[in-house]
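# Descriptive analysis of the structure
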Amino acid sequence: MSNLKGKHIILGISGGIAAYKSVVLLRLLVKAGAEVQVVITPNGKEFITPVTLSALSGKPVVSEFFTANTGEWHSHVDLGLWADAMVIAPATASTLAKMATGVADNMLITTYLSAKAPVFVAPAMDLDMMAHPTTTRNLATLQADGVTIIEPATGELASHLVGRGRMEEPEKIAAVLDSFFGRNHDMAGRKVLITAGPTYERIDPVRFIGNFSSGKMGYALAACAAARGAEVTLVSGPTELPDPPGVNTVRVESARQMLEACEKAFDNTDVAIMAAAVADYAPRHYADHKIKREHDAVEAIELVKNPDIAATLGARKRDGQLLVGFALETDNAEANAREKLVRKNLDMIVLNSLADKGAGFGTDTNKVTVITPESATAFSLKSKNAVAADILDCIIKKL
Ligand code: PMT
């Protein structure tokens, strides 16, 4: 648990019987050297006393917006800025619903809404509540908002029924946080090349062939890899996104320019991730002057095949280099992705399908399956930042 040392963690506790396990979690985090601020809901205090929690954390427990006798205001904004991570364990059905919809009627939810750090929730409730479509929907919303769900276990519940809904054990929750902080520099010393966005293939000075890629997926990967210590070169087609901090961003327009920038960077690269939606064809001729509308018909625009950047890099890949492609599919998704994996000599391919709502072009979320020659790992719908972290985890494992 060495990664927890010196980290600022908010431990949110809501009102469920599993709150007794939060005491163990608190002790584990403090023992590992973390500074922990407990924020408990009014119902949480029915299950566990603030005295126990403040004694273990060495800090007064925060629960109310004001201290009753002095009127002192507790700033959820300051808390949100202080934290390196926030973990809510147990997270009851009611707390999850409030988080998903922004019902800020207690200090735990206002702190969540102000938190700038990654948030983790460990749900705990009875099996019927856990299986209810409302809870499923709320968890999906939170996941899409970037919250990490620490899945509940199956076993005997407080009701003595057996099913899914037991809060994950404190040791496992602490391990999730430890590995999250361990990620922070797990790409240090690695040189990573990432492509992002569309390419524009000019027809005349005012028209082009392009596609709907916003660049969000590739930029999320670049920012995430840089935050994890990698030296990142991002070769981006035209997008409206700002350069990610700490990333060497090279702006290009066409597939040929993207290929040239990638070839320049590739030899000095450990990992290359091809997230761009490269136009497969470009006009054979570029018209120097705007093609006039007055013509009754425009003669056909002849198209020629663009170079395949991923396949070009795949052909010159040397031992020790890892080449990751993306596959954007509408049908026969896995079979098509596997065909591209082989044809382009990739080590891994990230499949996203336009058949999945919230996945693919333009959205802030994505749903991917990471495919290697030996495996296929499906992830749920998440924010593109969280998807980027999952993809980098798979890459680190493969390295
Ligand atoms: O940018 P966003 O709005 O966030 O959307 C993200 C995304 C949907 C664009 C992204 O997640 C994605 O799927 N990118 C790849 C899209 C694509 O072109 O897929 P493809 O199946 O046609 O291509 C397969 C692979 O070959 C890709 O890695 C692609 O970058 C690469 N390729 C394709 C054609 C070409 N001429 N050169 C290439 O390098």
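None of the values given here were measured: they were computed from a predicted structure. (Residues numbered from 1 in each chain as written. Predicted model: local features only at pLDDT ≥ 70, side-chain atom pairs only at ≥ 80, totals over all residues. Heavy atoms only, no water.)

## Looking at the overall build of the protein
Worth spelling out the cut-off: Each helix is a run of H or I in the DSSP string that is no shorter than four residues. Each strand is a run of E no shorter than two, and both are numbered from the N terminus. A simple rule labels every residue: compare its accessible area, found with a 1.4 Å probe on the protein chains alone, to the largest value its type can have, and call it buried under 20%, exposed over 50%, or partly exposed in between. Contacts between residues were defined by any pair of non-hydrogen atoms, one from each residue, lying within 4.5 Å. All accessibility values rest on the Shrake-Rupley procedure with a 1.4 Å probe; residue burial counts only the protein chains present in the view. In this tally, Lys and Arg are treated as positive and Asp and Glu as negative; His is ignored, and so are the chain termini. Working definition for charges: the position is that of NZ of Lys, CZ of Arg, CG of Asp or CD of Glu.
Each helix and strand counted, the protein has 14 helices and 21 strands in total. Once the C-alpha set of the protein is aligned to its principal axes, its extents read approximately 80 × 50 × 40 Å. When each of the 399 residues of the protein is scored for burial, the buried share is 49%. Pairs at least 24 residues apart make up 68% of the contacts formed inside the protein by residues separated by at least 6 positions. Total accessible area on the protein stands at roughly 19,000 Å², and carbon and sulfur atoms take up 53% of it. Seen as two clouds, the 41 positive and the 45 negative side-chain charges of the protein have centres 2 Å apart.

## Considering the packing of aromatic side chains
The condition is simple: Any two rings among Phe, Tyr and Trp, with Trp reduced to its six-membered ring, count as a pair given centres within 6.5 Å; such a pair is stacked if its planes are under 30 degrees apart, edge-to-face if over 60, and tilted if neither.
Evaluated as defined, the whole model comprises 4 aromatic pairs. With a centroid separation of 6.3 Å and an interplanar angle of 70°, the aromatic rings of phenylalanine 212 and phenylalanine 361 are classed as edge-to-face. A residue pair is termed long-range when its members are at least 10 positions apart, and phenylalanine 212 in the loop between strand E10 (207-209) and helix H10 (216-227) and phenylalanine 361 in the loop between strand E17 (348-353) and strand E18 (365-366) qualify at 149 residues.

## Remarks on the site of the ligand
Inclusion rule: Here a residue is near a molecule or strand as soon as one of its heavy atoms is found within 4 Å of it. What qualifies as a polar contact is a pair of N or O atoms within 3.5 Å, subject to a donor-acceptor requirement within protein and to the restriction that residues adjacent in sequence count only when both atoms come from side chains. For this classification, the nonpolar set comprises Ala, Val, Leu, Ile, Met, Phe, Trp, Tyr, Cys and Pro, the charged set comprises Asp, Glu, Lys and Arg, and every other residue, Gly included, is treated as polar.
Taken together, 27 residues lie around the ligand, and Ser213, Ser214, Lys340, Asn352 and Gly362 are the ones closest in. In this structure, an oxygen atom belonging to the ligand sits 2.7 Å away from a main-chain N or O atom of glycine 215. Interatomic distance of 2.8 Å between a side-chain N/O atom of lysine 384 and an oxygen atom of the ligand. Against a free-state accessible area of 770 Å², the protein chains account for coverage of 95% of the ligand. Mapped by element, the contributors of at least two residues to the shell around the ligand are H10, helix H12 (309-316) and strand E16 (322-329). Considering only residue class, the shell around the ligand consists of 13 nonpolar, 8 polar and 6 charged.

## Regarding the packing of helix H5 (residues 93-101) against helix H8 (residues 133-144)
Test applied: Orientation is described by axes fitted as lines to C-alpha atoms, over the contacting stretch for helices, and by angles from 0 to 180 degrees between their N-to-C directions. Note on angle classes: values under 35 degrees are labelled roughly parallel, values over 145 roughly antiparallel, values of 65 to 115 roughly perpendicular, and the remainder oblique. When the near helix sits turned anticlockwise from the far one by under a right angle, the crossing is termed left-handed; a clockwise turn instead gives a right-handed crossing.
Two numbers describe how H5 lies on H8: the axes approach to 9 Å, and their chain directions differ by 50°. The orientation of H5 relative to H8 falls into the category oblique. Like other packed secondary-structure pairs, H5 and H8 cross with a definite hand, here left-handed. In this structure, H5 contributes Ala93, Leu96, Ala97, Met99 and Ala100 to the contact, and H8 contributes Thr135, Asn138, Leu139, Thr141 and Leu142.

## Considering the sheet that holds strand E2 (residues 35-40)
Short version of the rule: Whether two strands pair depends on DSSP finding at least two bridges between them.
Spatial ordering of the open sheet is given by E2-E1-E3-E4-E5, a layout of 5 strands whose pairing is parallel. Of all strands in the sheet, those bounded by a partner on one side alone are E2 and strand E5 (148-149). As paired elements, strand E3 (residues 85-91) and strand E4 (residues 119-123) share 4 bridges and run parallel to each other. Paired with isoleucine 88 across the two strands is valine 121, which belongs to E4. Those strands touched by helix H6 (residues 107-114) are strand E1 (8-13), E2, E3 and E4, and its axis lies near 145° from that of E3.

## As for the side chain of glutamate 201
Counted only if it meets this: Any Lys or Arg side-chain nitrogen located within 4 Å of an Asp or Glu carboxyl oxygen qualifies as a salt bridge.
When you line up the elements, glutamate 201 lands in strand E9 (residues 201-204). Of the side chains with opposite charge, arginine 256 lies nearest to the buried glutamate 201, which makes no salt bridge, at 6.8 Å. A distance of 2.8 Å separates the side chain of glutamate 201 from the side chain of threonine 199, its partner in a polar contact. A distance of 3.3 Å separates a polar atom in the side chain of glutamate 201 from a polar atom in the side chain of asparagine 306.

## A look at a nonpolar patch on the surface
Stated precisely, the cut-off is as follows: Residues with no salt bridge and a relative accessible area higher than 30% make up the patches, which join like charges within 9 Å and nonpolar side chains (Val, Leu, Ile, Met, Phe, Trp, Tyr) within 5 Å.
There is a patch of nonpolar side chains on the surface, built from Tyr281, Val298, Ile301 and Leu303 and spanning about 360 Å² of accessible area. If you trace the backbone, valine 298 turns up in the loop between strand E14 (281-283) and strand E15 (303-305).

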